[in-house]
Amino acid sequence: MEHPENDSQYSGLAVNSGVAQPPQVNPYLKARRRKPLPTPGELVEGILKGDRTVLSRAVTLVESTNPDHQVVAQEVIEKCLPHSGHSRRIGITGVPGAGKSTSIDVFGMHVLKQGGKLAVLAIDPSSERTKGSILGDKTRMEQLSVQPDSFIRPSPSAGSLGGVARKTRETIVLCEAAGFDNIFVETVGVGQSETAVHSMVDFFLLIQLAGTGDELQGIKRGIMEMADGIVINKADGDNIPRAQLAMAQFRNALHLFPPTASGWTPEVKCYSGYYGLGIDEVWDMIDRYFKFVHENGYFEQRRNEQARYWMFESINEQLRNHFYHDPEVEAMLGRYEARVLDNRLSSFVAAKDILDFYFRKNNFSSNK
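### Examining the overall build of the chain
- Along the backbone of the chain there are 13 helices and seven strands.
- Across the 368 residues that make up the chain, the buried fraction comes to 43%.
- When contacts within the chain are restricted to residue pairs at least 6 apart in sequence, long-range pairs at least 24 apart make up 75% of them.
- Total accessible area computed for the chain in this model is approximately 21,700 Å², and 53% of it derives from carbon and sulfur atoms.

### Brief notes about the side chain of D202
- Structurally, D202 can be placed in the loop between α7 (193-198) and β5 (203-208).
- Residue classification places D202 among the buried residues on the basis of a relative accessible area of 3%.
- One polar contact links D202 to R303, side chain to side chain, over a distance of 2.7 Å.
- Excluding anything up to four places from it in sequence, D202 contacts S87, R88, R89, D228, Y289, F290, F299, R302 and R303.

### A closer look at the nonpolar core
- Counting 52 residues, the largest nonpolar core has I47, L55, L174, I230 and I232 as its most contacted members.
- Residues contacting I232, with those up to four places away along its chain left out, are Q208, L209, A210, A243, A246, M247, F250, V268, K269, C270 and Y271.
- Grouped together as the second largest cluster of nonpolar side chains are 32 residues, A98, F184, L205 and Y298 included.

### Considerations on helix α11 (residues 298-324)
- Compared with the 39 Å implied by 1.5 Å per residue over 27 residues, the 39 Å span of α11 between its first and last C-alpha is a close match.
- Regarding α11, the residues found buried are Y298, F299, R302, R303, Q306, W310, E317 and F323.

### Focus: the pairing of β5
- Burial analysis of β5 places six of its six residues in the buried class, the great majority of the element.
- Of the two faces of β5, the one carrying F203, L205 and I207 and the one carrying F204, L206 and Q208 are both buried.
- Strand direction decides the pairing type here: strand β1 (residues 88-94) and β5, joined by five bridges, are parallel. Each bridged residue has a counterpart across the sheet, and for I90 the counterpart in β5 is F203.
- Inspection of the sheet shows β5 paired to strand β6 (residues 229-232) by four bridges, in the parallel sense. When the sheet's bridge partners are listed, L206 is paired in β6 with I230.

### Considerations on the packing of aromatic side chains
- Taken as a whole, this structure holds 14 aromatic pairs when the rule is applied.
- Between F107 and W283, the ring centres sit 6.2 Å apart and the planes meet at 35 degrees, which makes this aromatic pair tilted. Of this pair, F107 sits in helix α4 (residues 100-113) while W283 sits in helix α10 (residues 279-296), and the two are 176 residues apart along the sequence. Each member of the pair, F107 as well as W283, is classed as buried.
- Counting every residue linked through ring pairs, the aromatic cluster contains F203, W264, Y289, F290, F292 and F299.

### Here we look at the confidence of the model for the chain
- Predicted confidence across the chain gives a mean pLDDT of 83, with 82% of residues reaching 70 or more.
- With pLDDT under 50 throughout, residues 126-136 is counted as low confidence; its partners more than four residues away or in other chains account for 20 contacts.

Conventions and cut-offs
- Residues numbered from 1 in each chain as written.
- Predicted model: local features only at pLDDT ≥ 70, side-chain atom pairs only at ≥ 80, totals over all residues.
- Heavy atoms only, no water.
- Helix = DSSP H or I, 4+ residues; strand = E, 2+ residues; numbered from the N terminus.
- Buried < 20%, exposed > 50% of the residue type's maximum accessible area, 1.4 Å probe, protein only.
- Contact = heavy atoms within 4.5 Å.
- Areas by Shrake-Rupley, 256 points an atom, 1.4 Å probe, with all protein chains shown as cover.
- Polar contact = N/O pair within 3.5 Å; in protein donor to acceptor, adjacent residues only side chain to side chain.
- Core = buried A, V, L, I, M, F, W, Y, C linked by side-chain atoms within 4.5 Å.
- Expected span 1.5 Å × (residues − 1).
- Pairing = 2+ DSSP bridges.
- Phe/Tyr/Trp six-rings, centres within 6.5 Å; stacked < 30°, edge-to-face > 60°.
- pLDDT = per-residue confidence, 0-100.

Spelled out as structure tokens, the structure:
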């Protein structure tokens, strides 16, 4: 291709070099120094004063996978334990679209009007592909998110409900030490997180919908057996008859279940979270439940059972992490996995060989 600008007849012309491109980084921007990690004493002092900024930072350390952060977080939790245990822990679950966040917003405002303080711990489902979460619960709790006596903390499930559940329980301790006397724990509502949340709350509330077909088809029996109360949301307008029919069906179904360990008979109520109808009746049911379990001693018994449960869960998690983070075990897993996939070794023999090696290395006996 010819370039006419190189012709001799244009030799008297000058070609400007153009405008110099500015640097991508602002040269006047000073490098921001990362704030040093606060000491456990500073964090505990701020938490006990009810400082929500300090509380948020402490929760971030609890959720962090950084070993240094975990050391600080565990010391903070230990120092906050004597100041915890004085709240009402309420788990809230339901099928997606049942109105959990809207209901929490309305229930929370009801709590605040009674003079309490509320912390909402919402477990947000994560993408199995990207492990990302929207963490948008605050946007659906418009009234509660701007209240000075409320604390809303969404946490990503990141594909590991067990790990998130343990961190959520530790966050409950921090929130109670900060003076929050009501704790709401919202589940992802996918069926498996309910058991973990049930093991850390005092009252388990199941939110259901009416007019969606067979009212009992979409709920597992196990979840209904865990529920201390069932509420039918969106009982307003033309949907009121359907909500009342669903309420009758759930009441009949509950009669088929064995008695609860607490002796409490689960109740079924109708309400409308969007219009704020029936909220007093739902909360009156919760108040009566707590009075009932305090009087018969089940409240303390359940708290003790939960503490024992999480002790063993923590032991299991530590053992699992120690096993999988062992460099020699990691190398063996790769080799044995290849042999299993090539059908040269059975899965059971491979697992036994790896465990035998791990036990011998740590002076344990797999036969004990």
